[in-house]
Each structure stands twice: as C-alpha cells, then as structure tokens.
Amino acid sequence: MKILGIESSCDETAAAVVEDGRKVLSNVIATSLNEHKIYGGVVPEIASRRHAESISGVVEQALKDANCTMDDIEAVAVTYAPGLIGSLLVGVGFAKGLALACEKPLVPVHHLRGHIASNYISSDIEPPFLCLVVSGGHSHIVAVKSYTDFEVIGKTRDDAAGEALDKAGRTMKLEYPGGVSIDRISPQGDENAFAFPKPRVANSPYDYSFSGLKTVVINIVHNAEQKGESINIPDLAASFQKSVVDCLLSNFESAARDFGYTKLVIAGGVSANSRLRSQAEKMCKKNGWSLTIPELKYCGDNAAMIASQGYFEYKNGVSAQENLNAYATMPLDNLHY
Ligand code: KG4
Ligand code: ZN
C-alpha cells in the first residue's frame, strides 16, 4: 500500500511516497532555510510564501521519483499539527484539494508522531518502546505503546532543547540554526571549560527545563562583552552542548528504568546531534538496552516520516473530511481534527 505524505509545518516543503509504512520510494524536500538565516530564525510569512510556491512541484517530483501516479496512491497523509499555522495550512489545503480531486482518503498526521515514525523507515523497530522526541519546538519522553497509542511521560516546561541550542547559538553569534553550528564547532572546544547547573523540575523527574541553561550562556557572553573580555566560543558551545545532552539523557534513562523499557528510540531534528547520538549509545550499552536513532537524512523534517505514520494511522481507521483544519498546538497523545 503506497501512501503519499506531505509536510509543511516549518520551513521545509516536503513530499514522499512510502510503501507499507517502511519502504521509502521517494523523498523530496525543498527548504527556505537560507532565506531565514539573515533573521536568525524562521520568519513565518516567508516560510508560508515559499511553501505555496513549491508545494505542487515538490509533490509532482515525489510521485515521479517513486515512478507512480495518483492512481497508485492509496491515501494522502498530511501534517496538520503542530507547527506554524500559515505553513501548516498550505500543506493541509493542498492535500485536501488533491485527495478530493483524486477521490483518495485524507489522513491527518501529528508532526511528532511522524518524527517517531522516521525510525520505522530507518530500521525494523516495532512498538512498544520509549522514545525521546527532541526537535526545535518539543522535548518529550514518550511511551510508544503501539503505532497509534502514545503516552507523554515527560516534557519541557519552557524551551525545547533545539530552541535552547538555537538561541544559545545566536548569542554566540553562530550561524542559524544554532543547534547545527554548536554540533559542528564543539569538537574544537573543551566541554569542561564552563560549568552549567543541572536543572531540576520540582515534583517531576521526567520533565525538562532548558531556559535557565540558555540564560547562563546569555549571561556569560554579556558579562564578557561588558568587561571587554573575549570568550572561547568553541569551549562555550561544547560545554553548553554537554549540559543539554546530559540533561536530556539523564531523565530519559530514569524514565526507561522506572517504566521498565529496554528498547529506546530517539527522534526529531536534535537526534542528528553527534554528542546525543554517541552518549545515548554509551548509556544504552551500559544498561544492556537497544537504541534506535533515525538515519541522519530522516532526523530533520521530511515527508517520508509523515507517509510512514500516515500508513499506520490509516490502517487504524483514521481519515479526515474535507473540513480538516490545521492547529499550531496539539498534544501527541490526545488528538482532535
Ligand atoms: O525536527 P526539526 O527539523 O524541526 C522541528 O520540528 O522543530 O528540528 C529542528 C531543530 C533545530 O532546533 C535545530 O537546531 C536542531 O533541530 N538540530 C540540531 C542538529 N541538527 C538539527 N541540534 C543539534 N545538533 C544537530 N546536529
Ligand atoms: Zn520537526
């Protein structure tokens, strides 16, 4: 069964065809990332405009690369939440029109469920497992009980890990996205050069808080500027990255222990981070747990992950009408559409 997936929740316009939830037949991505760089972050209006310009060509290319036409497609899966509302609406509007015109079912997909599904196209892992979902907008520990049954065990109370990395990167005057730049320059620095506090969220061992760590970076940089001192940026980047990764993994490890999970999975844009990948590997080895992380090309936003999750949702009876809306926020374990 071939599913066409469409993704436009942030600055990537993407379409893909995936067979039976796991076999990627095509995966096309157009991004407006370079246009956002000079602003230090995604400008929603620019992203929406570029989605509107690119989407039909991207979908056409995805069908062409997969060597198929809409006749071969069983259903159209689309990211409908969460994300930038203007961006989401372009994908949802296009998917609705296409599904209606071609008389195909329309399957709404939650973006973070899609990130989790990026592991189904990179490996043969099956639920149940415990997943750390770390992206620009979210940091969640999720019990994945089945392909369509999820429970959020912990989440960030303020900034997401990716957001904190991006903001810290901006303070260090590194190129956007800061997470990528920090990963790139950290090997040149000493990760023990700066000491960061270990944030704890009261009465909640699995929740995260990253805004305090980000503020420490801002204070270090501003204090140095005021005193006219220079800072070793690779040292600061490496130390900050270490503190974010330690924090992510420490709660993830506690949750796996407490809930008895031995299959661990990581997903989302930040899962591309080399320190997170290597430290998670060590942690799982030490505990005798298995670890699954997406291939690098499926860590960031893509539509193959949406087509994959769309397949499992569709098999579970999920489909939407032509009045499907897009939502900027939506919990991944309690959907409405
Ligand atoms: O999942 P994603 O592509 O988009 C959202 O759904 O938010 O995640 C984007 C986030 C950004 O914050 C970016 O800085 C971060 O993922 N990111 C990384 C790396 N690659 C992307 N963070 C750390 N290290 C990386 N290698
Ligand atoms: Zn994402």
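For the structure, check the block above.
Here's the deal with the overall build of the chain
- The secondary structure content of the chain amounts to ten helices and ten strands.
- Computed over its C-alpha atoms, the radius of gyration of the chain comes to 20 Å, within 12% of the 20 Å expected for a compact globule of 337 residues.
- Classification of the 337 residues of the chain by burial places 53% in the buried group.
- Residue pairs in contact within the chain that sit at least 24 positions apart in sequence constitute 73% of those at least 6 positions apart.
- Put simply, the chain shows about 14100 Å² of open surface, and 47% of that area lies on carbon and sulfur atoms.

Some words on the coordination of the zinc ion (ligand 2)
- On the protein side, the zinc ion (ligand 2) has H111 (NE2), H115 (NE2) and D301 (OD) as donor atoms, found 2.0 to 2.1 Å from it.
- Sequence spacing among the residues donating to the zinc ion (ligand 2) works out to H-x3-H-x185-D. One end of the pair, H111, and the other, H115, are both in helix α4 (residues 111-122), four residues apart, so they sit about a helical turn from each other. There is no split in this pair, since H111 and H115 are both buried.

As for the packing of aromatic side chains
- By the definition in use, this model includes ten aromatic pairs.
- Between the aromatic rings of Y120 and F129, the centroid separation amounts to 6.3 Å while the plane-to-plane angle is 65°, which identifies the pairing as edge-to-face.
- Considering the side-chain rings of Y147 and F312, the 3.9 Å spacing of their centres and the 5° angle between planes classify their relative orientation as stacked. Here Y147, found in the loop between β7 (139-146) and β8 (149-155), pairs with F312, found in helix α10 (residues 304-315); they are 165 residues apart in sequence, far enough to count as distant.
- The class of F312 is buried, set by a relative accessible area of 8%.
- Through a chain of ring-to-ring contacts, three or more aromatic side chains come together here, namely Y120, F129, Y147, Y311 and F312.

A few points about unusual backbone geometry
- At the junction of A81 and P82, the peptide bond is cis and its omega measures out at -20° in the coordinates.
- Relative to the helices and strands, P82 resides in the loop between β4 (75-81) and α3 (85-102).
- Note that the residue after Y176, namely P177, is joined by a cis bond; omega there is -5°.
- By the secondary structure assignment, P177 is in the loop between α5 (161-171) and α6 (178-185).
- A positive phi is found at D20, a non-glycine position, where the angle reads about 50°.
- Along the chain, the position of D20 falls in the loop between β2 (12-19) and β3 (23-31).
- Positive phi is not limited to glycine here, since E103 has a value of about 55°.
- Positionally, E103 belongs in the loop between α3 and β5 (106-110).

As for the pairing of β3
- When β2 meets β3, the two strands line up antiparallel, connected through eight bridges. Looking at the pairing, A16 lines up with N27 of β3.
- Adjacent in sequence and paired antiparallel, β2 and β3 are bridged by three residues, among which D20 carries a positive phi angle near 50°.

With respect to the nonpolar core
- Counting residues in hydrophobic clusters, the biggest one holds 43 residues, and the most contacted among them are L132, F240 and F252.
- Sort the elements by how many residues they give to this core and helix α8 (residues 233-259) lands first, with eleven residues.
- Among residues more than four places away in sequence, those in contact with F252 are L130, C131, L132, I141, Y208, L264, V265, I266 and M283.
- If you look at the next biggest cluster of nonpolar residues, it comprises 32 residues, including V109, F129, V133 and A307.

Here we look at the sheet that holds β4
- Pairing within the open sheet is mixed, and its five strands lie in the order β3-β2-β1-β4-β5. Only two strands of the sheet have a single neighbouring strand rather than two, namely β3 and β5. Pairwise comparison of adjacent strand axes, ignoring direction, gives a mean angle of 20° for this sheet.
- Packed onto the sheet, helix α2 (residues 44-65) meets β1 (2-7), β2 and β3 and runs at close to 20° relative to β2.
- Against the sheet, α10 contacts β1, β2, β3, β4 and β5, and its axis sits at roughly 125° relative to β1.

What counts, and at which threshold
Residues numbered from 1 in each chain as written. Chains lettered and ligands numbered in written order. Predicted model: local features only at pLDDT ≥ 70, side-chain atom pairs only at ≥ 80, totals over all residues. Heavy atoms only, no water. Helix = DSSP H or I, 4+ residues; strand = E, 2+ residues; numbered from the N terminus. Rg over C-alpha atoms; globule rule 2.2 N^0.38 Å. Buried < 20%, exposed > 50% of the residue type's maximum accessible area, 1.4 Å probe, protein only. Contact = heavy atoms within 4.5 Å. Areas by Shrake-Rupley, 256 points an atom, 1.4 Å probe, with all protein chains shown as cover. Donors = N, O, S within 2.8 Å, 3.2 Å for Na, K, Ca; no water. Phe/Tyr/Trp six-rings, centres within 6.5 Å; stacked < 30°, edge-to-face > 60°. Pairing = 2+ DSSP bridges. Core = buried A, V, L, I, M, F, W, Y, C linked by side-chain atoms within 4.5 Å. Axes fitted to C-alpha atoms, helices over the stretch in contact; angles between N-to-C directions.

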